[in-house]
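Topology and contacts: notes
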Amino acid sequence: MRQYEMFELCITAGGEIGEMSVEFELDGACTLQKCFYDGGGVYKARYLPERTGVCRWKTVGAISVSGQEECMPAEHGRHGRIKAVGTHFEYADGTYYYPFGTTVYALAHQSDELVRKTLSSLKNSPFNKVRFCVFPKHYDFNHNEPPFFAFERDGDGKWDVSKPCYAFWHRFEGIISALGDMGIECDIILFHPYDRWGFSRLSKQDSIAYLELLLRRLSAFPNVWWSMANEYDLMDNYTKDDFADFARYIRKNDNFGHLLSCHNCFDYFDFSQPEITHCSVQDIFVSEAVELKKKYNKPVVYDECCYEGNIEYGWGNISARELTDRFWTAVVNGGYCTHGETYLSDDEVLWWAKGGTLKGESPKRIAFLREISEALPSPIEYLEEGVGRLTEEMILGYKKNGIPKNLKTDFWVKGLTSLPDERIKGFILRSRGVCGHCGDDAFIWYYGRSCPAFCHILLPENSRYRVEVIDTWEMTRKTVLENVCGRLKIALSSKEGMAVLATKTDAYIVVSRGLLSVAVLIA
């Protein structure tokens, strides 16, 4: 047994003998894990130890067995499950986690050869999270039959959720394990509407039984997230209340508290529900991460903001430059973003659907952004300056109750309060800058599709900074000023995709966190 790694206890029973659980006790904390039958007369209980020391266990149920294991400290590079902390993410050991995800919906429903090719591509990619489904997907470019299904059929040809297909689950778990060994999180989609087999029409009772099996089998994997649905609002078999019930069921029966959200097509899910850990959003307006973070005080991940590609649909034919721009906009505003790729192929193997090989130009630019983000001393928060310090709610309040005396002559306040109510939000979103900061240790400005020849930035007077100009498309960084502060004019190159990064050079900053925090003097 090792800290932050799934421990599997196998109990030979000679056949199915009914309900059984295992109680694990480690460092004074007790966890009761329900077993699942895995065929061949074997029951299994899975446990995720997050502490070290002697772990004592005993079965509860038809068989009475007990024992103990020494839980050894985590191996290098193993940080545990991810949790939401405020509006960002951390591993169990406190190390920051910055999600740079991608989408391969039907990853688990392809041939072994194609799965291997996809895993190889992911290993050499910048992506540390992948979204994929438990159930197969029927949609354009998704017409193949999967090798296995999650359940067996009954005598009437209907899915019998009491009879799992062991071959399916073993294969699915192998994919999760392989991704975990690469440091990649699995954002597992539990339900979706794109179906010709009947999984989207399961009764609520059968859906709960499916979730019970899934939690028993998968909840001890450290690298899983639960996405209740892809485009939940297209699933007419379930109501919003049903999904709220699913969230409560998952939270109650997942002993390890994995991340949980729900992805939309049109209407955002109710992210205020206490069981929901973060906002999983489909929307092209990634700059609204600022508003969503304020509203819900949870991390915001744009899990779908259109895909780089060339198919006929508008959601799947944006350019690599546009997707790169959306990543930078979301991240610098304090949110996160997820990649997808939909380039036509004669074999109909499109990355977003089946995986295979990445063909686009955005992944290496996303890698560049990830490198910059992870080198910062802390996650980025939105920098409220200029019109960016104002919100729709504030302006509506000023219109109703009057403008405060100290803001009577403010350019932005005067202008925004003169607008009709319905124009205020859009005007703010179009006008404010894309800028962020890590306390006063680092500041970053991103100029998007604008082409300024120069910009002005304002840095604290009581510190000194190194200033770099970044070309997000060419992936270059050039130091232009050192040991500076205050108001500065920075020359740019009159082209799209430019950014400016200022990092403090006169103080100790934390460059890694976790079991060991290291402070380094940057000079």
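Note that the structure is predicted; figures quoted are calculated from it, not measured.

What about the overall build of the chain?
Broken down by element type, the chain carries eleven helices and 32 strands. A compact globule built from 523 residues should have a C-alpha radius of gyration of about 24 Å, and the chain, at 25 Å, falls within 12% of that. Along the longest, intermediate and shortest principal axes, the C-alpha atoms of the chain span 80 × 50 × 50 Å. Out of the 523 residues belonging to the chain, those deemed buried represent 56%. Computing the positive centroid from 60 side-chain charges and the negative centroid from 72, the chain places the two 5 Å apart.

Focus: the sheet that holds strand β3 (residues 29–34)
Overall, antiparallel pairing links the four strands, which are arranged β3-β2-β6-β7 in an open sheet. Here the strands that pair on one side only, and so sit at the sheet edges, are β3 and β7 (66–71). The mean inter-strand angle of the sheet, taken between neighbouring strand axes irrespective of direction, is 25°. Direction of pairing for strand β2 (residues 20–26) relative to β3: antiparallel, over a ladder of six bridges. Of the residues in β3, the one forming a bridge with E23 is L32.

Concerning the packing of helix α1 (residues 112–123) against helix α2 (residues 166–181)
In the contact formed by α1 and α2, the axes pass within 11 Å of each other and the chain directions differ by 20°. Considering their axes alone, α1 and α2 lie roughly parallel with respect to each other. Pair α1 / α2 crosses with right-handed handedness. Counting all contacts with α1, which are made through D112, V115, L119 and L122, the residues of α2 involved are R171, I175, A178 and L179. Taken together, the residues of the contact of α1 with α2 sort by class into six nonpolar, no polar and two charged.

Topic: the pattern of salt bridges
The full count for this structure, using the stated rule, is 40 salt bridges. As a salt-bridge pair, E8 and K44 come within 3.5 Å of each other at their nearest N and O atoms. Separated by 36 residues along the polypeptide, E8 in strand β1 (residues 7–12) and K44 in strand β5 (residues 42–47) bring together distant segments of the chain. Exposure remark for K44: the relative accessible area of 14% places this residue in the buried category. D38 is paired through a salt bridge with R217; the nearest N and O atoms lie 2.8 Å apart. Of the two residues, D38 is situated in the loop between β4 (36–37) and β5 and R217 in helix α3 (residues 204–218); the sequence distance between them amounts to 179 residues. A residue is classified by how much of its surface remains accessible, and D38, at 7% relative accessible area, is buried. The class for R217 is buried, based on a relative accessible area of 0%. A network of salt bridges, in which partner residues are shared, links E8, D38, K44, R46, E173 and R217.

Considering the layout of surface pockets
A volume near 580 Å³ is recorded for the second largest pocket. In terms of lining, the second largest pocket is formed by 22 residues, of which the most central are S287, T329, L429, R430 and V434. Examining the composition of the lining of the second largest pocket, we find that four residues originate from one element, helix α6 (residues 320–332), more than from any other. Each residue belonging to the lining of the second largest pocket can be placed in one class, and the counts come to eight nonpolar, seven polar and seven charged.

Some thoughts on the pairing of β2
The two faces of the sheet receive side chains in turn, since in a regular strand these alternate between them. Among the seven residues that make up β2, five are buried, leaving the element largely enclosed by the rest of the structure. Pairing analysis gives seven bridges linking β2 to strand β6 (residues 53–61), with the strands arranged antiparallel. Counterpart to E23 in the pairing with β6 is K58. A loop of two residues connects β2 with β3, the two strands running antiparallel in sequence, and D27 in this loop sits at a positive phi of about 55°.

Concerning the nonpolar core
Counting 97 residues, the largest nonpolar core has I188, F191 and F243 as the members making the most contacts within it. Among residues more than four places away in sequence, those in contact with F243 are F191, M228, A229, Y232, M235, Y238, C262 and F269. Within the second largest apolar cluster, 20 residues are counted, among which are I11, V22, C55 and C71.

What about empty space enclosed by the protein?
Scanning all chains against the criterion turns up five cavities of 30 Å³ or more. Counted as a void, the largest cavity has a volume near 70 Å³. What lines the largest cavity is simply H88, Y98, F100, V331, G334, G335, Y336, S373, P379 and I380. Looking at the lining of the largest cavity residue by residue, the classes come out as six nonpolar, four polar and no charged. Approximately 60 Å³ is the volume attributed to the second largest cavity. The element best represented in the lining of the second largest cavity is α6, accounting for three residues. Counted by class, the lining of the second largest cavity contains two nonpolar, four polar and four charged residues.

Conventions we followed
Residues numbered from 1 in each chain as written. Predicted model: local features only at pLDDT ≥ 70, side-chain atom pairs only at ≥ 80, totals over all residues. Heavy atoms only, no water. Helix = DSSP H or I, 4+ residues; strand = E, 2+ residues; numbered from the N terminus. Rg over C-alpha atoms; globule rule 2.2 N^0.38 Å. Buried < 20%, exposed > 50% of the residue type's maximum accessible area, 1.4 Å probe, protein only. Lys, Arg positive; Asp, Glu negative; His and termini not counted. Charge placed at Lys NZ, Arg CZ, Asp CG, Glu CD. Pairing = 2+ DSSP bridges. Axes fitted to C-alpha atoms, helices over the stretch in contact; angles between N-to-C directions. Parallel < 35°, antiparallel > 145°, perpendicular 65-115°, else oblique. Left-handed = near helix turned anticlockwise from the far one by under 90°. Contact = heavy atoms within 4.5 Å. Nonpolar A, V, L, I, M, F, W, Y, C, P; charged D, E, K, R; others polar. Salt bridge = Lys/Arg side-chain N within 4 Å of Asp/Glu carboxyl O. 1 Å grid on protein atoms, 1.4 Å probe; cavity = no way out; pocket = protein on both sides within 12 Å on 5 of 7 lines; lining within 4 Å. Points joined across faces, edges and corners; volume = space filled by probe spheres on them. Core = buried A, V, L, I, M, F, W, Y, C linked by side-chain atoms within 4.5 Å.

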